[in-house]
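# Notes for the structure review
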Amino acid sequence: MPRRRSRRLAQPLGAVCALTLVGCGSPPPRQQPTFDFEPAPQWTAPHSPDDTGAARAGSSAPWWSAFGDTTLDRLIDHALVHNYDLRAAVVRVDAALAQAQLAGADGLPQVNANASRTRDRRNFIGTPIPTSTSTTYGASLDASWEIDLWGRVRSARSAALADAQAAWADAQAARLSLAGQTARAYFALGESRQQMDLARETVESFRRALSSVRQRFDQGTRPSLDVRLARSNLADAEALLARRRAVHDRARRQLEILLGRYPAATLDGADSLRTILADVPAGIPADLLVRRPDLVAAERQLA
C-alpha cells in the first residue's frame, strides 16, 4: 500500500474510481433528495457578504488550516498517511473496484482452447513390418456467451459499481472523521497539559501554605487544627494533580494511536488553545447535505 495514497484520497482516488467505473459500465443514477418545504427568501442569521457558504465550499484549503497551527497541520497530514483505519478503508475501495471489474465478466464471450496429442503403436505378427507407430494431433476452440435477455448481467454490474462508489464515499467519510478526531485529540492534549500545569501550581501553593502554618504552629500562634486542614488541602491538591497527569497521558496516547504510532506518550500538546482566525458562515444551504460522504454512501447502498 503506497503511503501517499490515503493522503491524496480526495482527488486522485476519485479520478481513478471514476475512470475504472466508466470502463466497467454505468452505475445507477444518483437520486437527489427533495424537500417538502418552502425555503425562506433570505437568511435570518447575520453573515458577512464575503464569507458565504459558497465561498467556503470553493476554497481548496482544508478546514483545519483556519486554526493557523502548523503543528496541527503536520499531525493531521501524518494521520492521513499512517492511520491504519484509513488504510483499511482505502483497501476496501480497491477490493470494491476489483469486484466491479469482475461483475460484468458473465456478459463477455468465454473462450476455451484445447490441444491433444495421441501416439499409437501396433504390432503385426507374421508381416514384413512387425510394428507400426502413428501420432495424431488435435485442436479445438470453443466460444460461448450469455445473452443478457433479462438484464441480469447488467444489473449485477450496475450494483457492483454502486458498491464501489459507496466504498469510496465511506473512505472519504473516514478521512474527514480522522481529521476531526486528530484535531480534537490535539486540542484535548493541550487542554490537559494546561490543567496539569495549573494543578501543579496549586500543589506548590498549598505546600507553601502548609509550611507557613506549621511554622506559626511551632511558634504557638496557630492551633493544630489549622495544620491538619493545610495538610488535607495539600493531599487533595496532590490527588488532583495525579488525576490530571493520568488524563494527560491518555490524551497523548490517544493522539499517537490516531497518528499510527506506538503509544509511547511522547507527544506534547499546544502551549495555548487556538482560536479560529476566520468567521464560520452562519447560513448553510440544505443542498450541502448531499455532499456528506456518509449520506452519499447510504444512497449508493440503497441504489
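First things first, this report covers the structure right here in the doc. (Residues numbered from 1 in each chain as written. Predicted model: local features only at pLDDT ≥ 70, side-chain atom pairs only at ≥ 80, totals over all residues. Heavy atoms only, no water.)

Looking now at the overall build of the chain. Across its full length, the chain carries 8 helices and 2 strands. Scored against the burial criterion, the 303 residues of the chain give a buried share of 28%. Sequence separation of at least 24 residues holds for 77% of the intrachain contacts in the chain that already meet a minimum separation of 6. Split by element, the accessible area of the chain, about 20300 Å² in all, is 54% carbon and sulfur. (Helix = DSSP H or I, 4+ residues; strand = E, 2+ residues; numbered from the N terminus. Buried < 20%, exposed > 50% of the residue type's maximum accessible area, 1.4 Å probe, protein only. Contact = heavy atoms within 4.5 Å. Areas by Shrake-Rupley, 256 points an atom, 1.4 Å probe, with all protein chains shown as cover.)

Contact pair helix H6 (residues 152-218) / helix H8 (residues 293-302): the axes reach a minimum separation of 8 Å and the direction vectors enclose 165°. Put simply, H6 runs roughly antiparallel to H8. Handedness of the crossing formed by H6 with H8: left-handed. Residues Ala162, Gln165, Ala166, Ala169, Asp170, Gln172, Ala173 and Leu176 of H6 touch H8, and the partners they reach there are Pro293, Asp294, Val296, Ala297, Arg300 and Gln301. Grouping the constituent residues of the contact of H6 with H8 by class yields 8 nonpolar, 3 polar and 3 charged. (Axes fitted to C-alpha atoms, helices over the stretch in contact; angles between N-to-C directions. Parallel < 35°, antiparallel > 145°, perpendicular 65-115°, else oblique. Left-handed = near helix turned anticlockwise from the far one by under 90°. Nonpolar A, V, L, I, M, F, W, Y, C, P; charged D, E, K, R; others polar.)

Our focus in this paragraph is the pattern of salt bridges. Summed over the entire model, instances satisfying the criterion amount to 7 salt bridges. In this structure, Asp294 and Arg292 form a salt bridge, with 2.6 Å as the shortest nitrogen-oxygen distance. Taking relative accessible area as the criterion, Arg292 reaches 39% and is therefore assigned partly exposed. Notably, a salt bridge pairs Glu299 with Arg300, separated by 2.9 Å at the nearest N-O pair. By sharing partners, the salt bridges in this structure join Glu204, Arg207 and Glu238 into a single network. (Salt bridge = Lys/Arg side-chain N within 4 Å of Asp/Glu carboxyl O.)

Taken as a whole and judged by the stated rule, the model has 3 aromatic pairs. A ring pair is formed by Trp63 and Trp64, whose centres lie 5.5 Å apart and whose planes are at 85°; its orientation type is edge-to-face. According to the relative accessible area criterion, Trp64 is buried, its value standing at 5%. Taken together, Phe67, Tyr186 and Phe187 form an aromatic cluster joined through their ring pairs. (Phe/Tyr/Trp six-rings, centres within 6.5 Å; stacked < 30°, edge-to-face > 60°.)

With that settled, consider a nonpolar patch on the surface. A grouping of Trp145, Ile147, Leu149 and Trp150 is seen on the molecular surface, where their side chains present a nonpolar patch of about 640 Å² in accessible area. Its location among the elements puts Ile147 in the loop between strand S2 (131-144) and H6. Look at Ile147 and you get exposed, because its relative accessible area is 67%. (Patch = residues over 30% accessible without salt bridge, like charges linked within 9 Å, V, L, I, M, F, W, Y side chains within 5 Å.)

Here helix H4 (residues 70-82) spans 18 Å end to end across 13 residues, near enough to the 18 Å set by a 1.5 Å rise per residue. Among the residues making up H4, those that are buried are Leu72, Leu75, Ile76, Ala79, Leu80, Val81 and His82. (Expected span 1.5 Å × (residues − 1).)

Along the chain, the position of Gly190 falls in helix H6. On the basis of relative accessible area, Gly190 is assigned to the buried category, the value being 1%. Spatially, the C-alpha atom of Gly190 lies 9.5 Å from that of Arg252, the residues being 62 residues apart in sequence.

The next point concerns the environment of Leu240. Its location among the elements puts Leu240 in helix H7 (residues 224-258). On the basis of relative accessible area, Leu240 is assigned to the partly exposed category, the value being 29%.

This next bit is on the nonpolar core. Formed by 20 residues in total, the largest nonpolar core has its most connected members in Leu72, Ile76 and Leu255. If you list the elements that add at least two residues to this core, you get H4, H6 and H7. Looking at this core, the element that brings in the most residues is H6, giving 7 residues. In this view, Leu255 contacts Leu75, Thr182, Ala185, Tyr186, Leu189 and Leu267; residues no more than four positions away in its chain are not counted. (Core = buried A, V, L, I, M, F, W, Y, C linked by side-chain atoms within 4.5 Å.)

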